[in-house]
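A structural walkthrough
Residue strings, one per chain:
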Amino acid sequence: MTLSQEQANTAWVQFNTVFEQIGLSDHYDMDALKTELLSSPCSITEDMGTAYKGALLMHINMCMALAQRISKMISGSCPIDETSLLKVCCIMHLSKRFMYEENENEWEIKN
């Protein structure tokens with residue numbers, strides 16, 4: 001799988017919007033981060049479904065969307081700071097952009 005340019009741009013805008021809202025954009029070189037996230041996979045084999053460039057960005061966006069929903073669902077019974085939850089969800093995955101190297105071996109990718 002690959003992201004189209006439109007999908008990549010949409011994913012970046014979604015990420016960047018939340019990233020700015022939670023106050024993390026001042027701590028990163030956003031141009032470098034965009035390049036890194038748009039080229040980062042989120043796993044190493046195809047059976048995981050996320051071994052393509054840009055998958056990490058998609059994964060982070062999904063995690064942050066889930067964190068927002070969870071925060072709203074439990075807000076009445078377990079007050080939680082949504083901004084803190086989003087920061088944790090985002091930061092814990094950002095290090096993964098350095099975790100994987102591109103693999104050209106088709107057999108390893110498919111198995």
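Please refer to the structure placed before this passage.
Described in the following lines is the structure provided in the data block. All residue numbers refer to positions counted from 1 along the written sequence of the respective chain. Whole-chain, interface and lining totals are the exception, using all residues; otherwise, since this is a predicted model, local features are given only for residues with pLDDT of at least 70 and side-chain atom pairs are given and counted only at 80 or more. Side-chain metrics rest on all non-hydrogen atoms present in the structure, leaving aside hydrogens and water.

For salt bridges, the criterion is a side-chain nitrogen of Lys or Arg within 4 Å of an Asp or Glu carboxyl oxygen. Applying the stated criterion to the full structure yields two salt bridges. A salt bridge links Glu82 to Lys72; the nearest nitrogen and oxygen atoms lie 3.4 Å apart. Residue Glu82 is located in helix α4 (residues 82-94), and its partner Lys72 is located in helix α3 (residues 55-74); the two are separated by 10 residues in the primary sequence. Accessible area is worked out with a 1.4 Å probe on protein chains only. A residue is then buried under 20% of its type maximum, exposed over 50%, and partly exposed in between. Assessed through its relative accessible area of 24%, Glu82 is described here as partly exposed. The exposure class of Lys72 is exposed, given its relative accessible area of 55%. Every helix listed is a DSSP run of H or I at least four residues long, and every strand listed is a run of E at least two residues long, numbered separately from the N terminus.

Note on aromatic contacts: the rings of Phe and Tyr and the six-membered ring of Trp form a pair at centre separations within 6.5 Å, being stacked when their planes are under 30 degrees apart, edge-to-face when over 60 apart, and tilted otherwise. Per the stated rule, a full pass over the model turns up three aromatic pairs. For the ring pair Phe19 and Tyr28, a centre distance of 5.3 Å and an interplane angle of 55° mean the geometry is tilted. In textbook terms, an aromatic cluster arises when at least three aromatic residues are bridged by ring pairs, as seen for Trp12, Phe15, Phe19 and Tyr28.

Quick look at the environment of Arg69 now. Examined against the element boundaries, Arg69 turns out to sit in helix α3. Distance from Arg69 to Gln14, taken between C-alpha atoms, is 16 Å for residues 55 residues apart in sequence.

Residues enter a nonpolar core if they are buried and are Ala, Val, Leu, Ile, Met, Phe, Trp, Tyr or Cys, with the set joined through side-chain atoms within 4.5 Å. Core analysis: the biggest nonpolar cluster contains 24 residues, and Phe15, Phe19, Leu33, Leu37, Ile60, Cys90 and Leu94 have the highest contact counts within it. Those elements giving two or more residues to this core turn out to be α1 (5-21), α2 (30-39), α3 and α4. When neighbours within four sequence positions are excluded, Ile60 is seen to be in contact with Phe15, Leu37, Cys90, His93 and Leu94. Residue contacts are defined here by distance: any two heavy atoms, one from each residue, within 4.5 Å place the two residues in contact.

No statement about biological role is implied by the geometric values presented.
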